[in-house]
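Listed below, chain by chain, are the residues.
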Amino acid sequence: MPAFFALLGVLAGSQGEAALRQPGADLRRLIAASGAEVAVAWRSLDGADELLIDADTPFHAASTMKLAVMIELFRQAHAGGRALDEAVPIRNEFRSIVDGSLYALSEGDDSDREVYAAAGTSMSARRLCELMITVSSNFATNLLIERLGVDNIRQTVSRLGAEGLQVLRGVEDAKAFARGLNNSTTARALLVLLETIASGRAVAPAADREMIDILKRQQFRDAIPAGLPPGVAVAHKTGNITRIHHDAAIVFAARPYVLVVLVRGIAEQKESARLIAAISRAAYQQINEQR
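(A) View of helix H6 (residues 125-134). The element H6 is extensively covered by neighbouring structure, given that eight of its ten residues are classed as buried. Within the sequence span of H6, burial applies to Ala125, Leu128, Cys129, Glu130, Leu131, Met132, Ile133 and Thr134. One or two steps after H6, the chain reaches Ser136, where phi turns positive at roughly 60°.

Below, the structure is given as structure tokens:
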């Protein structure tokens, strides 16, 4: 992708900074040079700046759907239902949404070991949520979805106005995947969810602050955070599967904003990360350096 890398170099220099006064056209050039399908949604929390590029195009959600699981967990806890510190039995056994048949997750395909090591015991819902977000544990995700109810998660997503996020199932349901029954999202839907958390409207102000703290502890930082100046706090959730790379963030810059970047079609994660970081840099400069 020589054109893509050449354009990244331009964006990093002074010519790129001037071009960012018109970020929509500039980012479309960058996206076109990448050869990937990319959706972008950003909006400053004061509502004064916004850019939407293919924001309603559906993508495989990958792990970004875990945002909705976290919100539903905190909603139920706030409503007096499932408590965050309630013990959850750790059992690697789940049912396919296709026919109810049992399947198990593979430790080798997951990004976490802690939950697998606890099999046969129990962990708190709070700890499972931490692992689901910060290291993107699939095992923790499936346990929480099973406990919370996928219909409840969907209802909460709809109530918050993020209908573009469709949560059908947990992770690694091979039969569902073979039939195309996958979780999907749009950039706009993730933007809406993060805006509700940032404004304290997703569940309640205290619960939303706790969710932000969890998102700030995210361990995968090669995309949106990599495009920001040192010291800028980011609360975000990533998502990766084959040829899919997403990042959705609340960026606590001098003028805070939400940025969502969805990428489909780049095989090497280092390349997709560079693209997302370049978009992140452009958003930061537009919102925080040119007013």
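(B) Region of the structure containing the sheet that holds strand E2 (residues 50-53). Overall, antiparallel pairing links the five strands, which are arranged E2-E1-E11-E10-E9 in an open sheet. The sheet terminates laterally at E2 and strand E9 (233-241), the two strands that pair on one side only. Shown here is a sheet whose adjacent strand axes are inclined to one another by a mean of 10°, direction ignored. Summarising the sheet, strand E10 (residues 244-252) and strand E11 (residues 257-264) pair through eight bridges and their orientation is antiparallel. Note on E11: the bridge partner recorded for His245 is Val263.

(C) Representation of the pattern of salt bridges in the model. Here the structure, examined in full by the defined rule, presents 17 salt bridges. The shortest N-O distance in the salt bridge between Glu146 and Arg91 comes to 3.2 Å. With Glu146 in helix H7 (residues 138-148) and Arg91 in the loop between strand E4 (87-89) and strand E5 (94-95), this residue pair connects regions lying 55 residues apart in the sequence. Its relative accessible area of 44% is what places Glu146 among the partly exposed residues. Between Glu107 and Arg113 there is a salt bridge, with its nearest N and O atoms 3.6 Å apart. A relative accessible area of 35% places Glu107 in the partly exposed class. In the salt-bridge network here, residues are joined through shared partners; they are Arg43, Glu50 and Glu195.

The rules behind each value
- Residues numbered from 1 in each chain as written.
- Predicted model: local features only at pLDDT ≥ 70, side-chain atom pairs only at ≥ 80, totals over all residues.
- Heavy atoms only, no water.
- Buried < 20%, exposed > 50% of the residue type's maximum accessible area, 1.4 Å probe, protein only.
- Helix = DSSP H or I, 4+ residues; strand = E, 2+ residues; numbered from the N terminus.
- Pairing = 2+ DSSP bridges.
- Axes fitted to C-alpha atoms, helices over the stretch in contact; angles between N-to-C directions.
- Salt bridge = Lys/Arg side-chain N within 4 Å of Asp/Glu carboxyl O.

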